[in-house]
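Take a look at the letters that make up each chain.
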Amino acid sequence: MNAEIRYYISVFFKRLPIFLLASLSISSAAVALAVILPTVFTAKGLLLVEAPKIPQDLAESTVQLDEIAQLEVVQRRLLTRANLLDIARSYDVYEDMGSMSPDGIVNRMRQDSRFNRSGRRNGATVLEVQFYARSPQIAAAVVNEYITRILADSATQRQTQAGDTLSFFDQEVERLDGELDLRSQEILRFQNENSDALPSTLDYRMNRQSLLQERLSIMARDRAQLEEQRARLIQMRESGLSADTSDQGNAPRSESERQLVSLQGDLSQALTVYSEDSPRVSILRSRIAALETQIAEQLSTQVSGDDPQQARIDEAATMIDLQIAEVDARLQFLEEDGQGIEEELSVLEDTIVRTPSNAIALDALEREYQNVQRLYDRAVDRLSQAVTGERIEVMSKGQRIDVIEQALPPSSPDSPNRPLIAMTGVVAGVGTGLGLIVLLEILNKAVRRPVDLTNGLGITPIATVPYIKTPGESFRRRLVAIVGILAIVAGIPALLYYAHYEVMPLDLLLDRIVTKLLP
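Residues numbered from 1 in each chain as written. Predicted model: local features only at pLDDT ≥ 70, side-chain atom pairs only at ≥ 80, totals over all residues. Heavy atoms only, no water.

A. Focus on the overall build of the protein chain. Summing up its helical and strand segments, the protein chain has 14 helices and 4 strands in all. Every one of the 519 residues in the protein chain was classed for burial, and the buried ones make up 30%. Across the protein chain, contacts joining residues at least 24 apart in sequence account for 80% of those joining residues at least 6 apart. Approximately 32,100 Å² of the protein chain is accessible, and the part contributed by carbon and sulfur atoms is 57%. (Helix = DSSP H or I, 4+ residues; strand = E, 2+ residues; numbered from the N terminus. Buried < 20%, exposed > 50% of the residue type's maximum accessible area, 1.4 Å probe, protein only. Contact = heavy atoms within 4.5 Å. Areas by Shrake-Rupley, 256 points an atom, 1.4 Å probe, with all protein chains shown as cover.)

Below, the structure is given as structure tokens:
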């Protein structure tokens, strides 16, 4: 057992240059990295998305944004190229900004910025804003600038959206109001152009048509009776007959008196149907006046001693002529009145025929008007809501982002953890060196111990002679190992230092490597 331990110890010392080369390379790189990496300070601030201060069932804002969406929007707007360049130059975030390109500054600012959202459904949503910088003052200043711009941008965005909504519905109400005026003018113009054939007066016109048709029937019957009466009077005049002049009971003493009584009865009946200005009433009154005058003349003739019988015959002839004249006048009146009624019936028939098409056209116009009216009423209601929503946003009574905690300069750096980096590098170097020795021994199949002869050849040697190095070989080997170790110990830190200050900062280089390895 002791021989085995001594053997492994001898193997370790034999491979000591390789162990030192591997372990010192990694350890020196880790130590150099721990020393060279710049100190990074992290400042953070907390933002809270607050619920609306006015209950939504009483008054609702027109800006409807989900909390997560709202934070996403303000974050995207904050991390624009113009904002990041302005903030970086305002606070001199990086030491070598003069040699950095604008794209490099923007990428570096985005990498050093952190936005962490936390929250749950139906709960409060919190946004944590972090920034990594070379000094605590710069880190706190950048985070506070981020918070200020987020608050201002969120308020401006919500007010702008509310204002745009209000402006849209204001223009929509004005447009629909003009549309309503146009529709009203179209309906009014159509009604004026078709005032005689509108659906609203159809019942009146149909009743009027029925009344006129009935009047025509009555007039036709009256015309037939009058024509028959005229023919009979003409026959009486041609045959020399006269009306019966004998007195019967309480009847009038002459034909004129009987005719007068008859006309007075007709006048009484006419006044129940026609007005005083009616042509029929005027004719009856004229005939009554003529008969009264005639009767008065007959009475004066009888008083003067004329022949009563001849007077009665003359009177009868005159009465027949008067009756024929009356019948002719009434026939002429019926003819003229009938022509007027037929013309009116023709007009009514035309308007009744045109009424269905006018009703369809008018219904179409009114439907369009009602559709626009509904849109107008809806737009007015939305405009009222938009006015309320705009006032809510102007007075900051809606959903908004508020500051829970301002960023303060940190008292200690966040990174790097130099002892941890150095210790991790040393442990990794030692482990790598030992692992390399074990790997080389596993891969080496040469005979180096008597037991190897026994296991390989199946013989037991009497004695073994080890390889004896000359003093020169030992010196050269030690010199090469020492030079290699010194080169590693001094060269690796120098190389890292040059890369950090002349090529690219190591922290940025590591970030790029990690980004490429883990996209």
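B. Quick look at the packing of helix α4 (residues 81–91) against helix α5 (residues 102–112). The interhelical angle for the contact between α4 and α5, taken along N-to-C directions, is 90°, at an axis separation of 9 Å. Judged by the inter-axis angle, α4 sits roughly perpendicular to α5. Packed against α4, whose contacting residues are R81, L84, L85, I87, A88 and R89, the element α5 presents P102, D103, I105, V106, M109 and R110 at the interface. Per-class residue counts for the contact of α4 with α5 are 8 nonpolar, no polar and 4 charged. (Axes fitted to C-alpha atoms, helices over the stretch in contact; angles between N-to-C directions. Parallel < 35°, antiparallel > 145°, perpendicular 65-115°, else oblique. Nonpolar A, V, L, I, M, F, W, Y, C, P; charged D, E, K, R; others polar.)

C. A negative patch on the surface, seen in detail. Among the surface-exposed residues, D170, E174, D177 and D181 lie close enough to one another that they form a single negatively charged patch. Topologically, D177 is positioned in helix α6 (residues 136–193). (Patch = residues over 30% accessible without salt bridge, like charges linked within 9 Å, V, L, I, M, F, W, Y side chains within 5 Å. Salt bridge = Lys/Arg side-chain N within 4 Å of Asp/Glu carboxyl O. Lys, Arg positive; Asp, Glu negative; His and termini not counted. Charge placed at Lys NZ, Arg CZ, Asp CG, Glu CD.)

D. Fine view of the pairing of strand β3 (residues 125–133). The element β3 is extensively covered by neighbouring structure, given that 7 of its 9 residues are classed as buried. Examined bridge by bridge, strand β1 (residues 41–50) and β3 share 9 bridges and lie antiparallel to one another. Bridge pairing in β3 places G45 opposite V129. (Pairing = 2+ DSSP bridges.)

E. Inspection of α4 at higher detail. Buried within α4 are the following residues: L84, L85, I87 and A88. Viewed along the axis of α4, the buried residues span an arc of 165°, placing them on a single side of the element. Exposed residues on α4 whose side chains face more than 90 degrees from its buried face are A82 and R89. Positive backbone phi, at 50°, marks D92, one or two positions downstream of α4. (Arc of directions from axis to C-beta.)

F. Region of the structure containing the packing of aromatic side chains. Using the criterion set out here, one finds 3 aromatic pairs in the structure. Seen in terms of ring centroids, F131 and Y146 are 6.1 Å apart; in terms of plane orientation they differ by 90°. Their pairing is edge-to-face. On the criterion of sequence distance, the pair formed by F131 in strand β3 and Y146 in helix α6 is long-range, its members being 15 residues apart. In this pair, the class of F131 matches that of Y146, namely buried. Put simply, the rings of F115, F131 and Y146 touch in pairs and so form one group of aromatic residues. (Phe/Tyr/Trp six-rings, centres within 6.5 Å; stacked < 30°, edge-to-face > 60°.)

G. Quick look at the nonpolar core. Core analysis: the biggest nonpolar cluster contains 33 residues, and V93, M109, F115, V129, F131, Y146 and I150 have the highest contact counts within it. Every element with two or more residues in this core is listed here: β1, α3 (67–78), α4, α5, β3 and α6. For this core, the element with the most residues is α6, which contributes 8 residues. If sequence neighbours within four positions are ignored, Y146 has contacts with L78, L84, I87, M109, S113, F115, V129 and F131. (Core = buried A, V, L, I, M, F, W, Y, C linked by side-chain atoms within 4.5 Å.)

H. Region of the structure containing the pairing of β1. Of the pairings in the sheet, the one linking β1 to strand β4 (residues 400–405) comprises 5 bridges and is antiparallel in character. Each residue of the ladder has a partner; that of L48, found in β4, is D402.

I. Local environment of the pattern of salt bridges. If you walk through the whole model with that rule in mind, you get 19 salt bridges. Beyond isolated ion pairs, a larger network of salt bridges with shared partners links E179, R183, E186 and E368.

J. View of the packing of α4 against α6. Close contact between α4 and α6 brings their axes to 11 Å; oriented N to C, the two are set at 145°. Every pair of crossing elements has a handedness; the one defined by α4 and α6 is right-handed. For the pair formed by α4 and α6, the contact residues are N83, L84, D86, I87 and Y91 on the first element and I138, A141, V142, E145, Y146 and R149 on the second. Taken together, the residues of the contact of α4 with α6 sort by class into 7 nonpolar, 1 polar and 3 charged. (Left-handed = near helix turned anticlockwise from the far one by under 90°.)

K. Summary view of unusual backbone geometry. Not every positive phi belongs to a glycine, and D92 is a case in point at roughly 50°. The topology assignment puts D92 in the loop between α4 and α5.

L. Expanded view of the environment of A29. In this fold, A29 is placed in helix α2 (residues 16–36). Along the chain, A29 and A422 lie 393 residues apart, while their C-alpha atoms are 8.7 Å from each other.

M. Spotlight on helix α11 (residues 418–443). If you check α11, its first and last C-alpha atoms are 37 Å apart, about what 26 residues at 1.5 Å a residue would give, namely 38 Å. All of the buried residues along α11 are G425, G429, G433, I437 and E441. (Expected span 1.5 Å × (residues − 1).)

N. Here's a closer look at the side chain of D112. One can find D112 in helix α5. When near neighbours in sequence (up to four residues on either side) are disregarded, D112 contacts Y94, Q130, F131 and Y132.

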